[in-house]
Protein chains: 2
Amino acid sequence: MTNKQILLKSRPSGWPTADNFTLADAAMPKPGPGEMLLQTLYLSVDPYMRGRMNDVKSYVPPFQIGEPLQGGIVAKVVSSNGGSFPQGAYVTGMGLWANYMTTDGKGFQPVDPTLAPLSYYLGILGMPGMTAYVGLKGVADLKEGDNLFVSAASGAVGQVVGQIGKNMGCHVAGSAGDDAKVAYLKDELGFDAAFNYKTSDNLFRAVKEANPNGIDVYFENVGGPILEAVIASLNFNSRVALCGMIANYNATLDDMPPGPRNLALLVGRSVKMQGFIVSNYPDLCKEWIGVGAGWIKEGKLKYRESVADGIENAPQAFIDMMSGKNFGKQVVKLADD
Amino acid sequence: MTNKQILLKSRPSGWPTADNFTLADAAMPKPGPGEMLLQTLYLSVDPYMRGRMNDVKSYVPPFQIGEPLQGGIVAKVVSSNGGSFPQGAYVTGMGLWANYMTTDGKGFQPVDPTLAPLSYYLGILGMPGMTAYVGLKGVADLKEGDNLFVSAASGAVGQVVGQIGKNMGCHVAGSAGDDAKVAYLKDELGFDAAFNYKTSDNLFRAVKEANPNGIDVYFENVGGPILEAVIASLNFNSRVALCGMIANYNATLDDMPPGPRNLALLVGRSVKMQGFIVSNYPDLCKEWIGVGAGWIKEGKLKYRESVADGIENAPQAFIDMMSGKNFGKQVVKLADD
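Quick notes on the packing of aromatic side chains
- Following the criterion strictly, the structure yields 16 aromatic pairs over all chains and no others.
- Ring geometry for Phe149(A) and Phe195(A): centres 6.1 Å apart, planes at 10°, overall stacked. Of the two residues, Phe149(A) sits in strand E8 (residues 147–150) while Phe195(A) sits in strand E10 (residues 193–196), which places them 46 residues apart along the sequence.
- With relative accessibility at 0%, the residue Phe149(A) sits in the buried group.
- With 6.4 Å between their ring centres and 70° between their planes, Phe21(B) and Phe318(B) make a pair best called edge-to-face.

Now the structure itself:
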């Protein structure tokens, strides 16, 4: 058994590159009293991790140079030295980018492999799915009949956002970065409208045409020019849930794209724009696992994954996800169950 | 008796100029059945009026070319033909930029001349004061001990915002556009810190030094570069009440200043940013008249006005207010009581 890890070698100053990461061989960890040995089966790569690569104050501490990266994992309990889960149990939580790790189990949750494939707990039933649900229900107060727009709509969060909207009886539109993704949104996920923001020559018109009755709720995943176009189409009393803003994770202040020039429109239209952190809504997160698993069983929630193979490919999977090369939720498979 | 009016002659395309307005002699209006004749004593000039000079959809319809402008007035009932207030009563509401007008009284409220000078009902006890109270209590949920920052702090709204904060036990800081205003904030209104944003060579540092414990509530009156500097100092779970954004009223989209580049910080800090319209909070508006008049009596609320004389000077008073030449709430006096 080898225990490979991915360490942060240096902090990216803009877009992350392969040089920012190192693959290292580590010793096999031994669980102390009250601990368990976990074998990681799946790793999650997510946009928020880019923020932790900067050395700035945020709601989670930055990654440390020379230390393994951390992220969502699904793991199997290999052995327990009095830990909180029995040998053979499946768990999810924040773990290391490593084949093996030890933990006392704090912050880990058991997962049910009969309810959905294990990797789903990193996506549709995990943090991205919970993010969609919390943003719509806890932040943007989505109601039946609302006009919902979501950017990065084919991504891990976006595809769930749109389907929740359809299941709640909303008009749903979205934007994505290539034509295959746009077709997927319309043909597979039932979006009422979708467009390719990269080939649109007028984002203001594209947003307006995709949302003929204006926008009551915008689920913001991207940042940059789409936000400005969306603001122009926001309805009175509309709500904007600020989630990823992927476009800005890589930028230093001077390199950041200008913010929306038309922010003053929020005043007259009484718009609420709110950033949120999914972990501050534990009750809604728990609720989502029940709601989401139910919809999956009923065929009312589709899900697409992009699965990279082997821990050595985790950095590239992260880099590709940041630039939109993945299609659906990006995970990395480290071992067969 | 003559009835002079100020008409909108043309729509400003950027900053308004005297050419956009005309002074006209109108016929003396006669109250029909159920109507009253009002004599205007004071007119209010306010930043939101600039928005109504554009021909765009908003929460109130645009002013019409060739028609009198409209705004807040305090007036005396000259005669009543069965209207809702008796002859000799004082009322406030949305009226015409004219010496005289008729109305059935809808939308007008009686005011008490013994509680405060009549012009106060256009300022500290009127829409600007209510805007301060609604923004802090209804939108930003200001609490004792919060760190409050307000831009355009010596203006009609800003000076009330800061004093409400002090009366509620908050740390209060503000920005203004000249040194005399800054001194007024610190020496007269009891602000804990204030700075001149026009002479500051680093807004980020100025905001940070004025708010050593960060910002829990930002009352946004200006738009433009201060917002970006404020975002950098916002605390976790902070709230931004979006009010005037004066800097953007005069701009077309291409001329608008870039929005804040660091909007993505709102995500990790769970910031709520909300635009609002004071008239959607009638209960808080009513509450403010009681609270504000009480504080004025107790000497806990100071108020500064800038009074122009005569309807012919109303356009210039508006133009000066938009460029920050006034000191305190700008009103126009049309007649002695």
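Having put the structure on the table, let's press on.
Some points on the interface of chain B and chain A
- Between chain B and chain A, the residue contacts involve 31 residues of the former and 31 residues of the latter.
- Regarding the contact of chain B and chain A, the summed buried area is about 2700 Å², with carbon and sulfur atoms giving 64% of it.
- There are four residue pairs in polar contact (both at pLDDT 80 or more) connecting chain B and chain A.
- When residues of the side of chain B that touches chain A are traced back to their parent elements, those giving at least two are strand E12 (234–242), helix H8 (265–268) and strand E13 (272–275) of chain B.
- Split into classes, the residues belonging to the side of chain B that touches chain A amount to 20 nonpolar, eight polar and three charged.
- Direction of pairing for strand E13 (residues 272–275) of chain A relative to E13(B): antiparallel, over a ladder of three bridges.

Looking at the relation of the copies chain B and chain A
- Note on the copies: chain B fits chain A at an RMSD of 0.1 Å, the axial shift is 0.0 Å, and the rotation between them is 180°. Such a combination of rotation and displacement between the chain copies is what one expects of a two-fold axis. Considering only C-alpha atoms, the residue of chain B closest to the rotation axis is Gly259(B), which sits at 1.8 Å.
- Both copies present the same face, since 100% of the interface residues in chain B are matched by interface residues at the equivalent positions in chain A.

Concerning unusual backbone geometry
Residue and element names in this part refer to chain A.
- Not every positive phi belongs to a glycine, and Ser270 is a case in point at roughly 50°.
- Along the chain, Ser270 turns up in the loop between helix H8 (265–268) and E13.
- Owing to a relative accessible area of 7%, Ser270 belongs among the buried residues under this scheme.

Section: the sheet that holds strand E8 (residues 147–150) of chain B
- The strand order E10(A)-E9(A)-E8(A)-E11(A)-E12(A)-E13(A)-E13(B)-E12(B)-E11(B)-E8(B)-E9(B)-E10(B) describes an open sheet built from 12 strands, whose pairing is mixed. Among the strands making up the open sheet, the edge pair consists of E10 of chain A together with strand E10 (193–196) of chain B. Each strand axis lies, on average, 15° off the axis of its neighbour in the sheet, ignoring direction.
- Two elements, strand E12 (residues 234–242) of chain A and E13(A), share four bridges in a ladder whose sense is parallel.

Comments concerning the side chain of Gln5(A)
Residue and element names in this part refer to chain A.
- Within the secondary structure, Gln5 sits in strand E1 (residues 3–8).
- Using a relative accessible area of 13% as the deciding quantity, one classes Gln5 as buried.
- Discounting residues that sit within four places of it in the chain, Gln5 has contacts with Thr22, Leu23, Ala24, Ala26, Pro68, Trp97, Ala98 and Ile311.

Analysis parameters
- Residues numbered from 1 in each chain as written.
- Chains lettered and ligands numbered in written order.
- Predicted model: local features only at pLDDT ≥ 70, side-chain atom pairs only at ≥ 80, totals over all residues.
- Heavy atoms only, no water.
- Phe/Tyr/Trp six-rings, centres within 6.5 Å; stacked < 30°, edge-to-face > 60°.
- Helix = DSSP H or I, 4+ residues; strand = E, 2+ residues; numbered from the N terminus.
- Buried < 20%, exposed > 50% of the residue type's maximum accessible area, 1.4 Å probe, protein only.
- Contact = heavy atoms within 4.5 Å.
- Buried area = accessible area lost by both parts, 1.4 Å probe.
- Polar contact = N/O pair within 3.5 Å; in protein donor to acceptor, adjacent residues only side chain to side chain.
- Nonpolar A, V, L, I, M, F, W, Y, C, P; charged D, E, K, R; others polar.
- Pairing = 2+ DSSP bridges.
- Least-squares fit on C-alpha atoms with pLDDT ≥ 70 in both.
- Axes fitted to C-alpha atoms, helices over the stretch in contact; angles between N-to-C directions.

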